[in-house]
Amino acid sequence: ITVTDEDGKEIVLEFIDALEHNGQVYQAFFPAETEGEEEDLDDGGLIILKIVHVDGEDLLSTLDSEEEEIEVYEKFMERLFAEEDE
């Protein structure tokens, strides 16, 4: 998918997984490698966004706090590593 950041720059992301936690749906992405472009994101790691409902439409949004980021990141890591062990 392609998302636009707060500076108006488009970023192409590759969907990895989705989960529900505390009644909120989160989606995990990795930055997609695009030919001829340098990596602009700081670490090139997992990007977690949550789905918010605005005017009847589902939109992706950043997480509200560092605590939320850490908690949801750990949930995604548990799922990703559990899948590798199978």
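Structure shown above.
Each value, and the rule that gives it
Residues numbered from 1 in each chain as written. Predicted model: local features only at pLDDT ≥ 70, side-chain atom pairs only at ≥ 80, totals over all residues. Heavy atoms only, no water. Pairing = 2+ DSSP bridges. Helix = DSSP H or I, 4+ residues; strand = E, 2+ residues; numbered from the N terminus. Axes fitted to C-alpha atoms, helices over the stretch in contact; angles between N-to-C directions. Phe/Tyr/Trp six-rings, centres within 6.5 Å; stacked < 30°, edge-to-face > 60°. Buried < 20%, exposed > 50% of the residue type's maximum accessible area, 1.4 Å probe, protein only. Core = buried A, V, L, I, M, F, W, Y, C linked by side-chain atoms within 4.5 Å. Contact = heavy atoms within 4.5 Å. Salt bridge = Lys/Arg side-chain N within 4 Å of Asp/Glu carboxyl O.

Caption draft 1: Quick look at the sheet that holds strand E4 (residues 47-54). Reading across the sheet, the five strands line up as E1-E2-E3-E4-E5 and stay open at both edges, with antiparallel pairing between neighbours. The sheet terminates laterally at strand E1 (2-4) and strand E5 (57-61), the two strands that pair on one side only. The mean angle between the axes of side-by-side strands here comes to 50 degrees, regardless of whether they run parallel or antiparallel. Here strand E3 (residues 24-31) runs beside E4; their pairing, made up of four bridges, is antiparallel. In the sheet register, Gln27 faces E4, and the bridge partner there is Leu49.

Caption draft 2: Here's a closer look at the packing of aromatic side chains. Evaluated as defined, the whole model comprises one aromatic pair. Judged by centre distance (5.8 Å) and plane angle (70 degrees), the rings of Phe15 and Phe29 are edge-to-face. Of this pair, Phe15 sits in strand E2 (residues 10-21) while Phe29 sits in strand E3, and the two are 14 residues apart along the sequence. Phe15 sits in the partly exposed class, given a relative accessible area of 45%. With relative accessibility at 1%, the residue Phe29 sits in the buried group.

Caption draft 3: Representation of the pairing of E4 in the model. In the sheet, E4 pairs with E5 via five bridges, with the strands oriented antiparallel. Residue pairing for E5: Val52 is matched across the bridge by Leu59. In sequence, E4 turns back onto E5 through a hairpin of two residues, with Asp55 there showing a positive phi of about 50 degrees.

Caption draft 4: Spotlight on the nonpolar core. Core analysis: the largest hydrophobic core is formed by ten residues, namely Leu19, Tyr26, Ala28, Leu46, Ile48, Leu63, Val72, Phe76, Met77 and Leu80. Secondary structure elements with two or more residues in this core: E3 and helix H1 (66-85). Beyond its immediate sequence surroundings of up to four residues, Ile48 is in contact with Tyr26, Gln27, Leu63, Val72, Tyr73 and Phe76. Counting five residues, the second-largest nonpolar core is a separate cluster that includes Val3, Leu13, Phe29 and Leu49.

Caption draft 5: Spotlight on the pattern of salt bridges. A full pass over the atoms with the stated rule returns three salt bridges. Salt-bridge contacts for Asp64 lead to Lys50; the nearest nitrogen and oxygen are separated by 2.5 Å. In this pair, Asp64 is assigned in the loop between E5 and H1 and Lys50 in strand E4, connecting sequence segments 14 residues apart. Residue Asp64 is classed as exposed on the basis of its relative accessible area, which comes to 63%. Taking relative accessible area as the criterion, Lys50 reaches 6% and is therefore assigned buried.

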